[in-house]
Structures are given as structure tokens and as C-alpha cells.
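# Architecture and fold: a report
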Amino acid sequence: MELAYIPSPSRGVLYLGPIPLRGYAFCIIIGVFIAVWLGNRRWVARGGQSGTVADIAVWAVPFGLVGGRLYHVITDYELYFSPGRDWVDAFKVWQGGLGIWGAIALGALGAWIGARRRGIPMPAYADAVAPGIALAQAMGRWGNWFNQELYGRETHLPWALHITSSEGGRVPGYYHPTFLYESLWCIGVAFLVMWADRRFKLGHGRAFALYVAAYCVGRGWIEYMRVDDAHHILGLRLNDWTALVVFLLAVTYMIVSARLRPGREEVVEPLASGGSAEGTVASGGSAEGTETDTGAGKPAASEPGAEPADEPEPKAPAEKTESATKKS
């Protein structure tokens, strides 16, 4: 007899008349709100305008949902396209199945489009929203609890997850609550990034890279514990290999970026600091180079209190033109 365990909900959906209220969807929605709220606070603290994070999220969130679903369907195609399966189920997102790798990849594309339209540097935006994304993942994992999915090996620890459903090949019993492990890990990642960002003044996308690297470390050992069906390569689950590759890329980016562009961006949103968005990210690049080379949006270092370089200098009176010419 088990003295303690984590119970599973008897059902993951409630009905308000004909309208289904699904726990999985609520967890994702709450996670998005948390990410936007925290990201907005961090963006404003960096000198950006309030509302910018939400405006870009309008692009990033739909792209992320599509990317997450595509990754899941592609890597687990046999669940939808093998004999006896209904391919229409591939569109039923509420039943679970969002791959974080695809969500981040395509979500980043959507965020890039939104950032480009606002004329702000994408790396600075990514740094601002990184901890919020980790917290959104922590909240989203509880959607797996509602669906009784993605648990680990059998265990009799006091915090074992009690699976009661037998649908989809599940075997009722007590298992490692890997959804809880990953949720707690993501919370830790969020606080790690916020601490490191304050301590080391991370910029140019390095806070986001730290989030990615730290998440991959946790995802690696948590993924190894899971018992749901997955493709294996050389004895390791596909997501373990993905975590390893993404971790190496994130660490490499942090090292190279720190050498090429040390420090942090001084201007993250030109319009918020009185500058012009033209020429910053109009070509899809970042605004950092504009800040350094032109000095737009800040006084010249050799002339304290000088006006921004992009503002025209007042013309000298006509009678002093000759003397002004001689002085120059």
C-alpha cells in the first residue's frame, strides 16, 4: 500500500455546456501570459517600450505552436500515418504533443518577423524573454499531468505519479513524475538566467543562449528517464541527441559572441530612446553595429551632453560664417 503519491486528475477536460475547457490548453495559455508579463518587465528595464514584447509575441506564439506541433508529428509520424491511425489526429493539439525544439525554432522565426517590423535587435529581445519562456515551459508541463502522459520509469518513491488511465497503451501504476522534474528544472533555469544577467550583464543574445544550454542539460537526464515510445539512435532517444546538439550550439554561441561583441546593448529600442528605427534592423540585422559606429541615440563620448549625432547642428549666423570657416 502506497502511503504517499501524486494523484492524476480523473479527467483533463471540463465542459461548460458544449464548450470544452481543457487543462492542457489552460496551462499553455497561462504560460504565455507569464512569459509576456515577465518579458515586458525586463524589456522596459532595458530601456524598451511597454507593449513591445506583447506585440512581437503576437507573431512568436502562433509560429511557436505550429513549430511545436510539426516537430512532434514529424518525429512521431507513426502515431498519425501508420495503418489503423487517423491522420486527422495530427491537428488535435489539445490531446498533447508539442515539441519544445520546434516551438523555439519556429517561434524564433515569428519573433524575428515581429522584431524586424518594430526595428529592434532580435538578440536583445531574446535576452529579455528568455526567463519568461522557461517559466512558460514550467507551466506548460502541467498540461502533461492533466493528460496523464510523459511519465518516467516505475517507482515507489513518496512523490511517485499515480497513472490511472489505460488509454493509448498506458499501464496503470506508479511512475517517476518527469513532468514535475522538468517543471521544477525550468523554474531553476529561469532564476539562473535572471541572476546571471544581473551579475554579468549578458547581452547580444547570451542570456537566451544560457537559457537554452541550461534547459538542454536538464532535458537530457529527464528524457533518459521517460518510458513513452520514441525513436532511438545508437541507444539514445532522439530528444537526447537533439538536446546534446542544441547544447553545444548554445555554448559555442555564448563563447563566440562574448569575444566578438562583449558587453550589453545600450539601446534596445531606438524609438523608445528618441532615436530612429531606420537603418537599425531594417535589413534584418541587429542594432548594435549602428549604436557603436554612428552613436545614434546617445551623446558623443568626447562631448559630454552633446546632442545625438543624427540631429542636424544649428547653422551659424550669416555674419559669423567666415570666422567659423577659419576655425574649422
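Residues numbered from 1 in each chain as written. Predicted model: local features only at pLDDT ≥ 70, side-chain atom pairs only at ≥ 80, totals over all residues. Heavy atoms only, no water.

## Things to note about the overall build of the protein
For the protein, the helix and strand inventory stands at eleven helices and seven strands. Taken across its 328 residues, the protein has 41% of its residues classed as buried. Summing over all exposed atoms, the protein offers an accessible surface of approximately 18200 Å²; the carbon and sulfur share of this is 65%. (Helix = DSSP H or I, 4+ residues; strand = E, 2+ residues; numbered from the N terminus. Buried < 20%, exposed > 50% of the residue type's maximum accessible area, 1.4 Å probe, protein only. Areas by Shrake-Rupley, 256 points an atom, 1.4 Å probe, with all protein chains shown as cover.)

## Digging into unusual backbone geometry
Even without being a glycine, Gln-148 presents a positive backbone phi close to 50 degrees. For Gln-148, the position within the fold is in the loop between α6 (142-146) and β4 (161-163). With relative accessibility at 5%, the residue Gln-148 sits in the buried group. At His-204, a residue that is not glycine, the phi angle is positive and equals roughly 60 degrees. With respect to the secondary-structure elements, His-204 resides in the loop between α7 (178-200) and α8 (206-225).

## Details of the packing of aromatic side chains
Per the stated rule, a full pass over the model turns up twelve aromatic pairs. Ring geometry for Trp-142 versus Phe-179: centroids 4.9 Å apart, planes at 80 degrees, classification edge-to-face. Here the residue Trp-142 occupies a position in helix α6, and Phe-179 occupies one in helix α7, the gap between them amounting to 37 residues. Relative to Phe-146, the ring of Trp-145 lies with its centre 5.1 Å away and its plane at 65 degrees, an arrangement referred to as edge-to-face. Site record: aromatic cluster; members linked through ring pairs are Trp-142, Trp-145, Phe-146 and Phe-179. (Phe/Tyr/Trp six-rings, centres within 6.5 Å; stacked < 30°, edge-to-face > 60°.)

## Remarks on the side chain of Asn-147
One can find Asn-147 in the loop between α6 and β4. Within the structure, Asn-147 has its side chain in polar contact with the side chain of Glu-149 (distance 3.4 Å). Look past the residues within four positions of Asn-147 in its chain and what remains in contact with it is Tyr-24, Trp-94, Gln-95, Gly-96 and Arg-170. (Polar contact = N/O pair within 3.5 Å; in protein donor to acceptor, adjacent residues only side chain to side chain. Contact = heavy atoms within 4.5 Å.)

## Here's the deal with the nonpolar core
Counting residues in each nonpolar core, the largest one holds 24 residues, and the members touching the most others are Trp-101, Val-189, Val-193, Phe-208, Tyr-211, Val-212 and Tyr-215. Taken together, the elements giving at least two residues each to this core come down to α4 (100-118), α5 (122-140), α7, α8 and α9 (238-260). The biggest single contributor to this core is α8, with nine residues. If we skip the residues at most four places from it in the chain, Trp-101 touches Tyr-71, Tyr-215, Cys-216, Arg-219, Asn-239, Thr-242, Ala-243 and Val-246. Ranked by size, the runner-up nonpolar core spans 14 residues in total, among them Trp-43, Ala-124, Tyr-125 and Ala-128. (Core = buried A, V, L, I, M, F, W, Y, C linked by side-chain atoms within 4.5 Å.)

## Quick notes on the packing of α4 against α5
Interaxial distance between α4 and α5 falls to 12 Å at its minimum, and their mutual angle equals 140 degrees. When you trace α4 past α5, the crossing you get is right-handed. Within the contact between the two elements, α4 uses Ile-100, Ile-104, Ala-108, Ala-111, Trp-112 and Ala-115 and α5 uses Met-122, Tyr-125, Ile-133 and Gln-137. Its residues placed into classes, the contact of α4 with α5 shows nine nonpolar, one polar and no charged. (Axes fitted to C-alpha atoms, helices over the stretch in contact; angles between N-to-C directions. Left-handed = near helix turned anticlockwise from the far one by under 90°. Nonpolar A, V, L, I, M, F, W, Y, C, P; charged D, E, K, R; others polar.)

## Comments concerning the confidence of the model for the protein
Counting all residues, the mean pLDDT for the protein is 84, and 82% of those residues have values of 70 or more. For the stretch residues 276-312, pLDDT sits under 50, and the model shows 49 contacts to residues farther than four places along the chain or on other chains. Low pLDDT, under 50, characterises residues 314-328; the stretch is placed with zero contacts to residues that sit more than four places away or in other chains. (pLDDT = per-residue confidence, 0-100.)

## Examining α9
Counting along an α-helix, one turn takes 3.6 residues, and residues three or four places apart therefore face a common direction. With 23 residues, α9 should reach 33 Å at 1.5 Å per residue; the first-to-last C-alpha distance of 33 Å fits that figure. All of the buried residues along α9 are Asn-239, Asp-240, Thr-242, Ala-243, Ala-250 and Ser-257. Elements that come into contact with the buried residues of α9 comprise α2 (52-75), α4, α8 and β7 (236-237). (Expected span 1.5 Å × (residues − 1).)

## A few points about the side chain of Arg-69
With respect to the helices, strands and loops of the structure, Arg-69 is situated in helix α2. It turns out Arg-69 is buried and unbridged, and the closest side chain with the opposite charge, Asp-89, is 7.5 Å from it. Within the structure, the side chain of Arg-69 is placed 3.4 Å from the backbone oxygen of Lys-92, a separation counted as a polar contact. Apart from the residues lying within four places of it in its own chain, the contact partners of Arg-69 are Tyr-80, Asp-89, Ala-90, Phe-91, Lys-92, Val-93, Gly-96, Gly-97 and Leu-98. (Lys, Arg positive; Asp, Glu negative; His and termini not counted. Salt bridge = Lys/Arg side-chain N within 4 Å of Asp/Glu carboxyl O.)

## What about a nonpolar patch on the surface?
A grouping of Leu-14, Leu-16, Ile-19, Leu-21, Phe-26 and Ile-30 is seen on the molecular surface, where their side chains present a nonpolar patch of about 550 Å² in accessible area. Broken down by secondary-structure element, the contributors of at least two residues to the nonpolar patch are β2 (13-16), β3 (19-22) and α1 (23-45). As for its placement among the helices and strands, Leu-16 is situated in strand β2. (Patch = residues over 30% accessible without salt bridge, like charges linked within 9 Å, V, L, I, M, F, W, Y side chains within 5 Å.)

## A few points about the sheet that holds strand β1 (residues 6-7)
One open sheet holds the three strands; their spatial order is β1-β4-β5, and the pairing between them is mixed. The strands lining the two open edges of the sheet, one partner per strand, are β1 and β5 (173-175). In terms of strand pairing, β4 meets β5 through three bridges, oriented antiparallel. When the bridges of β5 are listed, His-162 appears paired with Tyr-174. (Pairing = 2+ DSSP bridges.)

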